[in-house]
Amino acid sequence: MTQELLLQAALQLYAKHGYQGASMRKIAEEVGIKPASIYFFFKNKEELFREVFKRTLARHNDAMRKTLQRHTDEPVEKIFAAMLRTTVDHHAGDRDEMATYISLVISPPTPDFQKQLDDYFSSFSIWLADALNDALRRDFPDITDSEATSVIGQYVLLANGIFWSINIFSPNELAFQLRMAEQMLQASFTALQKKHN
């Protein structure tokens, strides 16, 4: 229980103050324990935040994989749209985690964290491209490699844009941006249907 509270406090303080500002003393105060007690659970600040970041990235990965599983039998355009919506729902649903995720992406606190992030994104990108490619080829067996790469690339660009929009736009504007992204993807699928059906 205390370990979980420490991780939550570390996430919240990192979101507000960054790595340097989220001191072990502040984290302990937030949980209501003495700073020395943290070391019973984590050997140092880096280990504590490595676990915070690991969980943050794992939640993102789980959300995307569960969405794919829920929609796997639907038409490919619905899968792509569901993945876009999950990007918004997951990141907009927890502002502290979103702020931590952005901070981690923009400015990892140490080279070790940069490597952890690089490894995660490399693995996630391979999984995502393979999963979307499989869905495309199921619905469009004659799709060329170039066409599949293009549609997946469009999705990645739109998902990245939607991700950054979460922190920039009001909820209404974000909903509009999401609808526009879905329409852009739908136009790509409509072109594929005309060509391959």
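Residues numbered from 1 in each chain as written. Predicted model: local features only at pLDDT ≥ 70, side-chain atom pairs only at ≥ 80, totals over all residues. Heavy atoms only, no water.

> Could you give me a rundown of the nonpolar core, with the residues and numbers involved?
In this structure, I27, F49, F80, L84, L136, Y155 and F189 are the most contacted members of the largest nonpolar core, which totals 59 residues. Elements with a minimum of two residues in this core: α1 (2–21), α2 (24–31), α4 (45–71), α5 (76–92), α6 (95–106), α7 (111–139), α8 (145–168) and α9 (171–196). Among the elements that make up this core, the one with the highest residue count is α7 (10 residues). In this view, L84 contacts Y155, L158, A159, I162, L178, A181, E182 and L185; residues no more than four positions away in its chain are not counted. (Core = buried A, V, L, I, M, F, W, Y, C linked by side-chain atoms within 4.5 Å. Buried < 20%, exposed > 50% of the residue type's maximum accessible area, 1.4 Å probe, protein only. Helix = DSSP H or I, 4+ residues; strand = E, 2+ residues; numbered from the N terminus. Contact = heavy atoms within 4.5 Å.)

> If you had to explain the side chain of H196 to someone new, which residues and values would you point to?
Structurally, H196 is set in helix α9. Among the residues examined, H196 registers a relative accessible area of 19% and is labelled buried. Within the structure, the side chain of H196 is placed 2.8 Å from the side chain of E147, a separation counted as a polar contact. Excluding its chain neighbours within four sequence positions, the residues that come into contact with H196 are F140, D142, I143 and E147. (Polar contact = N/O pair within 3.5 Å; in protein donor to acceptor, adjacent residues only side chain to side chain.)

> If you had to explain the environment of E77 to someone new, which residues and values would you point to?
With respect to the helices, strands and loops of the structure, E77 is situated in helix α5. Sequence separation of E77 and G18 is 59 residues, and the distance between their C-alpha atoms is 38 Å.

> Give me α1: which residues, what numbers.
With 20 residues, α1 extends just 21 Å between its outermost C-alpha atoms, more than 12% less than the 28 Å of an ideal straight helix rising 1.5 Å per residue. When the local axis directions of α1 are compared, the greatest deviation, roughly 95°, occurs at A15. The complete set of buried residues in α1 reads L6, L7, A9, A10, L11, L13, Y14, Y19 and G21. On its buried face, α1 is in contact with α2, α3 (35–38), α4, α6 and α7. (Expected span 1.5 Å × (residues − 1). Bend = angle between axes of the 7 residues up to and from the residue.)

> Which residues make up the packing of aromatic side chains, and what are the values?
What the rule picks out here adds up to 15 aromatic pairs. Ring centres of F49 and F53 lie 6.0 Å apart, and the angle between their planes is 45°; this geometry places the pair in the tilted category. In this pair, F49 and F53 both sit in helix α4, four residues apart, roughly one turn of the helix. The two residues F49 and F53 agree in class, both being buried. Ring geometry for F80 and Y155: centres 5.6 Å apart, planes at 85°, overall edge-to-face. Of the two residues, F80 is situated in helix α5 and Y155 in helix α8; the sequence distance between them amounts to 75 residues. Judged by its relative accessible area of 0%, F80 is buried. Through pairs of rings, three or more aromatic residues link up here, namely Y101, Y120, F121, F124, W127, F163 and W164. (Phe/Tyr/Trp six-rings, centres within 6.5 Å; stacked < 30°, edge-to-face > 60°.)

> Explain the environment of F40 to me, and be specific about the residues and the numbers.
With respect to the helices and strands, the residue F40 is situated in the loop between α3 and α4. For the pair F40 and L117, spaced 77 residues apart in sequence, the C-alpha to C-alpha distance is 26 Å.

> Give me the layout of surface pockets: which residues, what numbers.
The space that makes up the largest pocket amounts to roughly 370 Å³. If you go around the largest pocket, you meet 18 residues; those closest to its centre are H60, F121, F124, A159 and N160. Within the residue set of the lining of the largest pocket, elements represented by two or more residues are α4, α5, α6, α7 and α8. Ranked by the residues each element gives to the lining of the largest pocket, the list is headed by α8, at seven residues. Of the residues contributing to the lining of the largest pocket, the split by class is 13 nonpolar, five polar and no charged. (1 Å grid on protein atoms, 1.4 Å probe; cavity = no way out; pocket = protein on both sides within 12 Å on 5 of 7 lines; lining within 4 Å. Points joined across faces, edges and corners; volume = space filled by probe spheres on them. Nonpolar A, V, L, I, M, F, W, Y, C, P; charged D, E, K, R; others polar.)

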